[in-house]
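One-letter residues, chain by chain:
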Amino acid sequence: MRSFCTPTASAPVSVAGSVPGSVPGFLSVLVLGLLLGLGPGPLVSGLAAQDVRDGGATVRADEEPFLPADVVALLENEDTRDRGVLELARLAGTLPPDLATPWIQLLALSRGVPGEWVGASARAVLKSHDGAEAEALAEIRGLLVRVEAAADSDPGVDPSGTGGEPSISIAPLLALAAALADPVDSEAGGELRDRIVRDWPDAREFPEAALRLARHLLADPERAPRGLSILEELVVRRPSHPVAPEARRLRQEALARGVTPGDAPEPNLPDLHE
Amino acid sequence: MIRSVLFACLLLLGAPGGLSVLGGGAGALAAQHLLVPMDRDQANHLRAYGLTYHVIDGGLEAEWLLNYRGGSFLLPDTEGVRREAALRGVSVTPIEGGELARIRARIQNENMEAVPLETAPRVAIYTPPNTPPWDDAVTLALEYADIPYETVWDGEVLEGRLNDFDWLHLHHEDFTGQYSKFFLTYAGTGWLQDEVRRNEEMARRFGHPDVPELKRAVAERIRSFVVEGGFLFAMCSATETLDLALASHSVDITASYANGRSPDPDASERMDWDRALAFQGADIQTSASINAFSDIDSHQVNTPWREPLGAFTLFEFSAKIDPIPSMLVQNHESVISDFYGLTTAFRADRLKPGATILAREGNRVKYLTGMAGEGSWTFYGGHDPEDPEHQIGDAPTNLDLHPNSPGYRLILNNILFPAAKPTPLKT
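Residues numbered from 1 in each chain as written. Chains lettered and ligands numbered in written order. Predicted model: local features only at pLDDT ≥ 70, side-chain atom pairs only at ≥ 80, totals over all residues. Heavy atoms only, no water.

1. Things to note about the overall build of chain A
Here comes step 1: When helices and strands are counted, chain A shows 12 helices and zero strands.
Here comes step 2: In sequence order, chain A lays out its α and β elements as α-α-α-α-α-α-α-α-α-α-α-α.
Here comes step 3: Taking all 274 residues of chain A together, 49% fall into the buried category.
Here comes step 4: Total accessible area on chain A is roughly 12300 Å²; 55% of this is exposed by carbon and sulfur atoms. (Helix = DSSP H or I, 4+ residues; strand = E, 2+ residues; numbered from the N terminus. Buried < 20%, exposed > 50% of the residue type's maximum accessible area, 1.4 Å probe, protein only. Areas by Shrake-Rupley, 256 points an atom, 1.4 Å probe, with all protein chains shown as cover.)

Here is the structure:
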């Protein structure tokens, strides 16, 4: 795996005016970093900044993906975020499934939301990736609190999904938080997905969140009826979504076990043209 | 049953003009009808039958558009129907008045017909107790399509309970009472010993000297069910052995292990084929060491002279002149891969003249129907349309993997066929 910090002459990043992966490019930034007294962490950000100062970014398909820390560094900086998203997509495609999920959620989050969300979320994902999972969950929860607190003064953000037509959805943030919660506290993951199901039924994140929440609830006999209702809401709302067949299968299994639907938000008519 | 009643309420409440129990209503606007296409655009053909069954079971009107897009269904557009379609994964298309008029004009001008479906048939499956449901294709199909049914066996049949049902399916029973000649391969196995014990107890309970006599009495009751207006659907060995049992009322055709007597050496000549529903003139296989019942079966799967499988072709009937056979062959495929059973298909030269051939491969008939008295019977050879060589102990067929099975569709055509006319009154 290629890193900004590991120069390789054979795998340059194609950046107009500079080749940051090459030895001269790397050295010049390293020197700059040393001059500024930066440690290893800031050095990564410094490399990203250099990358942007050199111009727009393009990615060659035959290059190795960047290391997670480097991707996060790109995402933290507004000027390098577009490039960071491209690298994030490449990174997510190379990770094993058990590690990839938060990065994929981060990718879904990384467009159309405030930059602060992306940077803070990226840091949390990196912490989880590095094994500090509880810390990551705390960090993303802190971000959620800040976002909700700020929502009162920002008409573009509606943390409830029911306050009209917000231009920015927090559903991707909730989905990412749920993914980060899963390894630490599955109950917290369920609660976060429950918010998506209840408050963001039209969000892109709804089908997957509903399916995972339903699985979580069906494992508990007392909460299985609500799990079944959520599955039904999912297939009625999104009958043609790729997860709908699995939802139908789970529903049949639950019915065969004698589960009956419980309390759940009432669905609307399905969109037959989806 | 409770779910069925709840569904009926849901459908009715969701009907135009009724109360919506689904709330919201902010999604798609209701059209007048929903078309359930049954051509290759349908995502789940098998569950489409269940959806249609529940619509008519809920008291709503439905139509079967024979030969239109694979035998599509036309259902009322209610929130309840849309919801059920979504839950079952059935593709539906809203149809407005103008488009429906164009469809009706096409049906009028081509070999098509619109058949109202009025009454959901009461379905019974004849099956021994403790039989796993995966071993019977009809049970699998009904479970998958979520069509309610009850099971009956010899006791219920002999006590007259068939009068409670409109439609009867025969599990792959051996009505000659020879336990499908499984003694040749499975003697000593626990399940066969259980089957023998269960059948002998039943024979004693109803005063029959042996199991072949018990099964013959059951076959006669089933014949009466048909003659009095019932719909009979049989697959696999039940087809052949039902007729053998009916035609052998005065001759012993069974191997000695079944009743302790040697079979009549002139059994074939002494058969009374007038009693049979579909077949005539067959040579009876009385040898205990040959796993076949007669030469009605064209494939003789468990004999050294087994015939290979091919593919059978569905006939196309005039939908306006012959709506009944048309209903039975509605499909999105016309050529279907064959599949073995203890009785796989039928020799054409063993059919009675009144039988209507629905599908055949050369001189082998796979699927046929006919009338008897006020009722009708349909025979479909083979065991499992999606498992061509199903063996005892094989894993059950998972219909989630075959939601568009054309072979299973033929089974479900039979379920809705009785809905196409008022329920006959039986005494």
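2. Comments concerning the overall build of chain B
Here comes step 1: Regarding its fold elements, chain B presents 13 helices and 15 strands.
Here comes step 2: The buried share among the 427 residues of chain B stands at 59%.
Here comes step 3: Of the contacts formed within chain B by residues at least 6 apart in sequence, a portion of 75% connects residues at least 24 apart.
Here comes step 4: For chain B, the accessible area works out to roughly 16200 Å², and carbon and sulfur atoms hold 51% of it. (Contact = heavy atoms within 4.5 Å.)

3. A short note on the sheet that holds strand β4 (residues 93-95) of chain B
Residue and element names in this part refer to chain B.
Here comes step 1: The five strands lie next to each other as β4-β1-β3-β2-β5, forming an open sheet whose pairing is antiparallel. The open sheet has two edge strands with one neighbour each: β4 and β5 (113-117). Strand-to-strand twist in this sheet, taken as the mean axis angle between neighbours without regard to direction, amounts to 30 degrees.
Here comes step 2: Taken together, the three bridges between strand β1 (residues 33-36) and β4 define a ladder with antiparallel strand orientation. Bridged to leucine 35 within β4 is threonine 93. (Pairing = 2+ DSSP bridges. Axes fitted to C-alpha atoms, helices over the stretch in contact; angles between N-to-C directions.)

4. Thoughts on helix α3 (residues 79-88) of chain B
Here comes step 1: Burial analysis of α3 of chain B places 10 of its 10 residues in the buried class, which makes it a mostly covered element.
Here comes step 2: Those residues of α3 of chain B that sit buried are Glu79, Gly80, Val81, Arg82, Arg83, Glu84, Ala85, Ala86, Leu87 and Arg88 of chain B.

5. Some words on the side chain of threonine 343 of chain B
Here comes step 1: Here threonine 343 of chain B lies in the loop between β11 (335-337) and β12 (346-347).
Here comes step 2: Beyond its immediate chain neighbours, meaning those up to four positions away, threonine 343 of chain B contacts Cys236, Ser237, Thr239, Glu240, Phe293, Asp297, Gly381 and Gly382 of chain B.

6. Let's talk about the packing of aromatic side chains
Residue and element names in this part refer to chain B.
Here comes step 1: According to the stated counting rule, one finds 17 aromatic pairs over all chains in the structure shown.
Here comes step 2: Considering the side-chain rings of phenylalanine 279 and phenylalanine 379, the 5.9 Å spacing of their centres and the 35 degrees angle between planes classify their relative orientation as tilted. One end of the pair, phenylalanine 279, is in the loop between α11 (256-259) and β10 (311-314); the other, phenylalanine 379, is in strand β15 (residues 375-380), with 100 residues separating them in the sequence.
Here comes step 3: Relative accessible area serves as the criterion here: at 0%, phenylalanine 379 is assigned to the buried category.
Here comes step 4: A connected cluster of aromatic rings, assembled from ring pairs, spans Trp167, Phe233, Phe312, Phe339, Tyr367 and Tyr380.
Here comes step 5: The aromatic ring of tyrosine 144 is capped on one face by arginine 47, whose charged end is 3.8 Å from the ring centroid.
Here comes step 6: Geometry around phenylalanine 339 places lysine 366 over its ring, the cationic atom sitting 3.8 Å from the centre. (Phe/Tyr/Trp six-rings, centres within 6.5 Å; stacked < 30°, edge-to-face > 60°. Lys NZ or Arg CZ within 6 Å of the ring centre and 35° of its normal.)

7. Quick notes on the environment of lysine 181 of chain B
Residues and elements named next belong to chain B.
Here comes step 1: Following the sequence through the fold, lysine 181 ends up in the loop between β8 (167-170) and α7 (183-186).
Here comes step 2: Sequence separation of lysine 181 and alanine 255 is 74 residues, and the distance between their C-alpha atoms is 8.6 Å.
Here comes step 3: At 2.9 Å, the side chain of lysine 181 forms a polar contact with the backbone oxygen of alanine 292. (Polar contact = N/O pair within 3.5 Å; in protein donor to acceptor, adjacent residues only side chain to side chain.)

8. Details of unusual backbone geometry
All names here are of chain B.
Here comes step 1: A positive phi angle, close to 50 degrees, is found at arginine 69, a residue other than glycine.
Here comes step 2: Here arginine 69 is to be found in the loop between β2 (62-66) and β3 (72-76).
Here comes step 3: The backbone of serine 180 shows a phi angle near 55 degrees, a positive value even though the residue is not glycine.
Here comes step 4: Looking at where serine 180 falls in the secondary structure, it is placed in the loop between β8 and α7.
Here comes step 5: Owing to a relative accessible area of 5%, serine 180 belongs among the buried residues under this scheme.

9. Some thoughts on the pattern of salt bridges
Here comes step 1: In this structure the tally under the stated criterion is 50 salt bridges over all chains.
Here comes step 2: With its nearest N and O atoms 3.5 Å apart, the salt bridge here joins aspartate 146 of chain B to arginine 88 of chain B. With aspartate 146 of chain B in the loop between α5 (137-145) and β7 (150-152) and arginine 88 of chain B in helix α3, the pair connects residues that are 58 residues apart, well separated along the chain.
Here comes step 3: Classification of aspartate 146 of chain B by relative accessible area gives partly exposed; the value is 23%.
Here comes step 4: Residue classification places arginine 88 of chain B among the buried positions, given a relative accessible area of 4%.
Here comes step 5: Aspartate 194 of chain B is the partner of arginine 197 of chain B in a salt bridge, and the nearest nitrogen-oxygen pair spans 3.6 Å. Placement of the pair is arginine 197 of chain B and aspartate 194 of chain B together in helix α8 (residues 190-205), with a separation of three residues, close to one helical turn.
Here comes step 6: On the basis of relative accessible area, arginine 197 of chain B is assigned to the partly exposed category, the value being 41%.
Here comes step 7: When its relative accessible area of 36% is taken as the criterion, aspartate 194 of chain B is described as partly exposed.
Here comes step 8: What emerges from the salt-bridge pattern is a single network uniting Arg215, Glu246, Arg249 and Glu253 of chain A. (Salt bridge = Lys/Arg side-chain N within 4 Å of Asp/Glu carboxyl O.)

10. Here we look at the pairing of β3 of chain B
Residues and elements named next belong to chain B.
Here comes step 1: β3 sits mainly inside the fold: five of its five residues count as buried.
Here comes step 2: Side chains Ser72, Leu74 and Pro76 project from β3 onto one buried face, and the interleaved Phe73 and Leu75 project onto a second face that is buried too.
Here comes step 3: Here β1 runs beside β3; their pairing, made up of four bridges, is antiparallel. In the sheet register, histidine 33 faces β3, and the bridge partner there is proline 76.
Here comes step 4: Sheet topology note: the β2/β3 ladder contains three bridges and is antiparallel.

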